[in-house]
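The primary structure of each chain is shown beneath.
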Amino acid sequence: MDLASIRLIIDLLSLIHQDVPNRYQLIMKLVNQRRESNNLSLYNLSDIKTIIYLFESCRKLKTLFISHSCAKEQIMAYNMKCDKHEIINTSYVTSFTNTCIQCNQLLVRPKTRSITYFKQTGVESALLFEYRCTSINCGITYCGIYYQHPTTDRITITPTSILHHEIIYLGGDFAYEKNLITEFTSDLLFNHATFYGFANAYNYRNNLKKQDNTSNLRQLQDKHFQGVWIQYQLACMLFMTSTNRNFECLTNFSSMPDLRDRFLREQNNLINPLFMILWTHHKQIATEEHIYKYDHKLKNKTDKCSTCLVADGHEKPSRLVCAHKSTVSLQHHELGEVEIGCSETPLRRTQGFYFTCLVHYQISYNVTNASFCRKHQPSDSNDVLNATMTNDPNVCGNLSTNVHKLISNHDVSNNGLHKSSTSIKSHEQTNIDLGKFTSSQVDEQIKAVLGLDDNVNVNTDVCNVYRDSLLERKNDTSGFMAIFYDCGIIVAFQESIRSESVRRLLYLLLSLIKTVKNKVPNALLYDNACSLRLFIDKWYDKKSFKISEYTKFIKEMHIAIDRFHEGNHRRTICQTIMRADHPSHENRFAYVNSEICEQMFSYFTKFKSAFRNYSYPKSVTFYMLLFHLKNCQLIGLHPSTQSVNMKELNDYWQINIRAKKRSLENIDFHSNKKNCCSS
């Protein structure tokens, strides 16, 4: 046997995984392919095995022959000629462990199949190994970075698997290189990339390379990549803020919306308190560059980290939301009932039907009101009809659109002789039967909605192109409300389903203070601080602001108007004790960056198009992950850091999280008899 063939055999032995079926036969095919091209005699399987056994018995001799000089090229040449099912993979998605974590039995004889592997440098085929423990009463499946018990539909990730495994695979037909996930995270923070835009850019870049061996591979799908990225970041966040040894996630994140939403609700309620504790005490883990910054007024480096709280609301990242406004929260007994609105996204269609207008509203379970979510669908169609006719914004969120469609669908030309062809096509697509309505009934409904006199002729006096700002009743959120430290770190946030108000700010402030046990600065800057102070003074020790150790802490806080908004306030209290430089505040706001909210909101405004594409509860999850990653970037903390050394996190985990996790599966945070929801 010639030296080149021996070197090729040893190289292939190191490239082709030991658990690949027919491993020796594949090596023989590749060696003989090369020898055949050089008009040399072919080897049989026994020749190949003899060489392999010889070098396996002498490790030092084997290392002398490993070069990878032509083995990869030989595999690529073979893949170009063979059928798709015969392709040899050089990338492998293996298990993070070779022994069962429950019974310590060695994992052998895996099932294999080909999947698409998205790398930072391109896309290729990879071979997936799925191991199953054969021990009696075990049956745990191991694949990639997760394992799965046979009695559950969720998979479990461990800190070790996610830290040391370079391939992220959470089920399905796609796996991702960790570097690709890191690349998207960087593009998200600094280029404000969306999943859709990133996937398109990645696919376009690969198409420009025109690699023949990747022409049959599938392209990066933004929805699947989004699900893997979100679950990966949630796992990293949980392992950073706790000593928990496992994280449960879904394999069908994108395809099962109900399971996904329940999963995200659980994670939001589980991790959000840990988010507050971590970033409230971030000074313990921050770099000196973040804590000590040069002050041009004092001409030296000063500690400007975590000196006061700054609160404000950011309205631009709005999204469509259910029109039901009376949903309340009883989370804080000190405030009583706080109306926060329903955070669910309204239904857009059901079984192919769209809710177009009041005339086309059928009393049927097949047609939904597109202004409400599934839970708050009106039970009485007459209520919907009457409320729509009275322009009630809480009932019909797209009234102007409905009116426009109503008129357009019955549009006639100036001579009143024919019906619009567009409306006919529309009715054919939606299968709506217009025969049940007479022409006079349609005209009466249009007049009622538009408030027209009885003597108006709808066909000649009303234009089919109709606009009225009074009828624009889309139900949008008001973005989010956030509490910052003056150093730029977000310590608490909540999505603003309804408009910003004093009671909703107190709701968020109480959530923060109760979670961190009053361990926050006793100084707060707010653009509407005067109204906040007046509310506290008026309602303290009353039904809207009952006494507790937390409300007492808030009442004793130094609250002032931030300097950016001071010029807009004219009341006497605003020009005296509510000013940040008033002597009563004892210089607590001296040299504080009171404009930090506006500065950070200027950054987050660039994400408004991305924010608008998310529905609840994914919207809250994305807020939390984005704020967490931005905070990590500000203080120089790697997002994959595990188990940060923070006593406050350990104490909270021991006291609260374990009890909460046991009860999460029995809680539906948006369905109870009192019509209450948890933020």
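In short, a report on the structure.

Calculation criteria
Residues numbered from 1 in each chain as written. Predicted model: local features only at pLDDT ≥ 70, side-chain atom pairs only at ≥ 80, totals over all residues. Heavy atoms only, no water. Helix = DSSP H or I, 4+ residues; strand = E, 2+ residues; numbered from the N terminus. Buried < 20%, exposed > 50% of the residue type's maximum accessible area, 1.4 Å probe, protein only. Contact = heavy atoms within 4.5 Å. Areas by Shrake-Rupley, 256 points an atom, 1.4 Å probe, with all protein chains shown as cover. Pairing = 2+ DSSP bridges. Axes fitted to C-alpha atoms, helices over the stretch in contact; angles between N-to-C directions. Phe/Tyr/Trp six-rings, centres within 6.5 Å; stacked < 30°, edge-to-face > 60°. Salt bridge = Lys/Arg side-chain N within 4 Å of Asp/Glu carboxyl O. Disulfide = S-S within 2.5 Å. Polar contact = N/O pair within 3.5 Å; in protein donor to acceptor, adjacent residues only side chain to side chain. Left-handed = near helix turned anticlockwise from the far one by under 90°. Nonpolar A, V, L, I, M, F, W, Y, C, P; charged D, E, K, R; others polar.

### Some words on the overall build of the protein
The helix and strand tally for the protein stands at 24 helices and 18 strands. Within the protein, the proportion of its 679 residues that are buried is 52%. Taking the intrachain contacts of the protein between residues at least 6 apart in sequence as the baseline, contacts between residues at least 24 apart amount to 70%. For the protein, the exposed surface amounts to about 32,800 Å²; the carbon and sulfur share of it is 49%.

### Quick notes on the sheet that holds strand β15 (residues 480-485)
The five strands lie next to each other as β16-β15-β12-β17-β18, forming an open sheet whose pairing is mixed. Only two strands of the sheet have a single neighbouring strand rather than two, namely β16 (490-495) and β18 (558-561). Averaged over neighbouring strand pairs, the angle between their axes works out to 20 degrees when direction is ignored. Summarising the sheet, strand β12 (residues 309-314) and strand β17 (residues 523-526) pair through three bridges and their orientation is parallel. Pairing of Leu309 across the sheet is with Leu524, part of β17. The sheet strands contacting helix α10 (residues 257-280) are β15 and β16, and the helix crosses β16 at an angle near 150 degrees.

### A look at the packing of aromatic side chains
Taken as a whole, this structure holds 40 aromatic pairs when the rule is applied. Where Phe198 meets Phe225, the ring centres are 5.6 Å apart and the plane angle is 15 degrees; that geometry is what we call stacked. Residue Phe198 is found in helix α8 (residues 195-209), and its partner Phe225 is found in helix α9 (residues 222-241); the two are separated by 27 residues along the sequence. In this pair, the class of Phe198 matches that of Phe225, namely buried. Plain terms: the ring middles of Phe253 and Phe263 are 6.4 Å apart, the flat faces sit at 90 degrees to each other, and that makes the pair edge-to-face.

### What to know about the pairing of β15
In terms of burial, β15 is largely enclosed, as six of its six residues are buried. Of the pairings in the sheet, the one linking β15 to β16 comprises five bridges and is antiparallel in character. By the bridge assignment for β16, Ile483 is matched with Ala492. Linking β15 to β16, which pair antiparallel, is a turn of four residues; within it Gly488 sits at a positive phi near 105 degrees.

### Let's talk about the pattern of salt bridges
This structure, assessed with the given rule, holds 17 salt bridges. Across the pair Arg588 and Glu586 runs a salt bridge whose closest N-O atoms are separated by 2.7 Å. Residue classification places Arg588 among the partly exposed positions, given a relative accessible area of 26%. Taking relative accessible area as the criterion, Glu586 reaches 55% and is therefore assigned exposed. A salt bridge links Lys647 to Asp651; the nearest nitrogen and oxygen atoms lie 2.6 Å apart. Residue Lys647 and its partner Asp651 are both found in helix α24 (residues 647-664); the two are separated by four residues, about one turn of the helix. Owing to a relative accessible area of 57%, Lys647 belongs among the exposed residues under this scheme. For Asp651, a relative accessible area of 34% corresponds to the partly exposed category. Sharing partners across several salt bridges, the network here consists of Arg113, Asp173 and Arg218.

### Here's the deal with the state of the cysteines
In the structure shown here, the tally under the stated rule is zero disulfides. Free cysteine: Cys305, not disulfide-bonded; nearest cysteine sulfur from Cys487 at 3.9 Å. Distance from the sulfur of Cys308, which forms no disulfide, to the nearest cysteine sulfur (Cys487) is 9.4 Å.

### What to know about the side chain of Glu344
Positionally, Glu344 belongs in the loop between β14 (338-339) and α12 (381-389). A polar atom in the side chain of Glu344 sits 2.4 Å from the side chain of Arg265.

### Here we look at the packing of helix α1 (residues 3-15) against helix α2 (residues 23-37)
At their nearest, the axes of α1 and α2 sit 10 Å apart, and the two run at 145 degrees to each other. Relative to α2, the crossing made by α1 is right-handed. In this structure, α1 contributes Ala4, Ser5, Leu8, Ile9, Leu12 and Leu13 to the contact, and α2 contributes Arg23, Tyr24, Ile27, Leu30, Val31, Arg34 and Arg35. Residue composition of the contact of α1 with α2, grouped by class: nine nonpolar, one polar and three charged.

### Some points on unusual backbone geometry
Backbone geometry follows two general trends: most residues other than glycine have a negative phi, and most peptide bonds adopt the trans configuration. Residue Pro617 is reached from Tyr616 by a cis peptide bond, and omega for that bond is 5 degrees. With respect to the helices, strands and loops of the structure, Pro617 is situated in the loop between α22 (608-611) and α23 (618-635). Here the phi dihedral of Lys517 falls at roughly 60 degrees; this positive angle occurs in a residue that is not glycine. With respect to the element layout, Lys517 can be found in the loop between α17 (502-516) and β17. Its identity is not glycine, yet Ser643 carries a phi of approximately 50 degrees, on the positive side. Topologically, Ser643 is positioned in the loop between α23 and α24. Its relative accessible area of 31% is what places Ser643 among the partly exposed residues.

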